[in-house]
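So the chains spell out like this:
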Amino acid sequence: AIERTLSIIKPDAVAKNVIGQIYARFEAAGLKIAAARMIHLSRAEAEQFYGVHKERPFFKDLVDFMISGPVMVQVLEGENAILKNRELMGATDPKKAASGTIRADFADSIDANAVHGSDAGETAQVEISFFFPGLNIYAR
Ligand code: CMP
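Residues numbered from 1 in each chain as written. Predicted model: local features only at pLDDT ≥ 70, side-chain atom pairs only at ≥ 80, totals over all residues. Heavy atoms only, no water.

By the naming in an unreviewed UniProt entry, the chain goes by Nucleoside diphosphate kinase and is assigned to Melaminivora suipulveris. As stated in UniProt under Sequence similarities (unreviewed entry), the record for the chain gives "Belongs to the NDK family." Per its UniProt entry, the chain bears the Cofactor (unreviewed entry) comment "Mg(2+)". (UniProt positions renumbered as here; feature names shortened; annotations may be inferred.)

Chemist: Any chance you could break down the UniProt feature "binding site: ATP" (unreviewed entry) in the chain for me, citing the residues and the numbers?
Modeler: Taking the numbering used here, the UniProt-annotated feature "binding site: ATP" (unreviewed entry) corresponds to Lys10, Phe58, Arg86, Thr92, Arg103 and Asn113. Topologically, Phe58 is positioned in the loop between α3 (43-49) and α4 (59-66). Phe58 sits in the partly exposed class, given a relative accessible area of 30%. Here Asn113 is to be found in the loop between α6 (102-106) and β4 (115-117). Not counting residues within four places of it along the chain, the set of residues in contact with Asn113 comprises Lys10, Asp12, Thr92, Pro94, Arg103 and Ala107. (Helix = DSSP H or I, 4+ residues; strand = E, 2+ residues; numbered from the N terminus. Buried < 20%, exposed > 50% of the residue type's maximum accessible area, 1.4 Å probe, protein only. Contact = heavy atoms within 4.5 Å.)

Chemist: An account of α4 is requested, with residue identities and associated values reported.
Modeler: Looking only at α4, the buried set comprises Phe59, Leu62, Val63, Phe65 and Met66. The buried residues of α4 occupy an angular sector of 165° when the element is viewed end-on, so they sit on one face. Packed against the buried residues of α4 are β1 (2-9), α1 (11-15), α3 and β3 (71-79). (Arc of directions from axis to C-beta.)

Chemist: Give a description of helix α7 (residues 121-131) that names residues and reports values.
Modeler: Residues Ala124, Glu127, Ile128 and Phe131 constitute the buried set of α7. End-on view of α7: buried residues confined to an arc of 100°, all on one side of the axis. For α7, exposure combined with an orientation more than 90 degrees from the buried face picks out Glu122, Gln125 and Val126. Each element contacted by the buried residues of α7 is listed here: β1, β2 (32-39), α3, β3, α5 (81-89) and β4.

What follows is the structure, given as structure tokens:
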């Protein structure tokens, strides 16, 4: 089915100037950029976005990192977009990410891991409305 998923290019990858290289991978895999914005998150916004992780030991470091610079946020649209994006990203820990994946090629650590992608349909909807609250979805 045609799906939409939320993708974030994190501060490390934005600082490395590889937004275009990462977009090229989305496009080559048949994913369309359906919406996009660059934003420097406030601490409150980052804490809210990652709210499901707030009891985890890495929460503070994750939030500190995500507000360390601007991020590029996009809605990706295409056949099987949620899983396809997760395959393109590779494992959360870049040391475990398969070669040729975004994290294997651009990430430095489990925190500075270049990209985020929604993990399921439910999360994708919540995450898309977080960054694009007014996004209208039209049948085509
Ligand atoms: P992300 O997909 O953005 O979702 C939560 C983030 O927490 C994850 O990518 C990692 O960058 C970060 N993180 C740090 N430590 C861990 C860990 N032990 N397990 C999962 N995520 C972690």
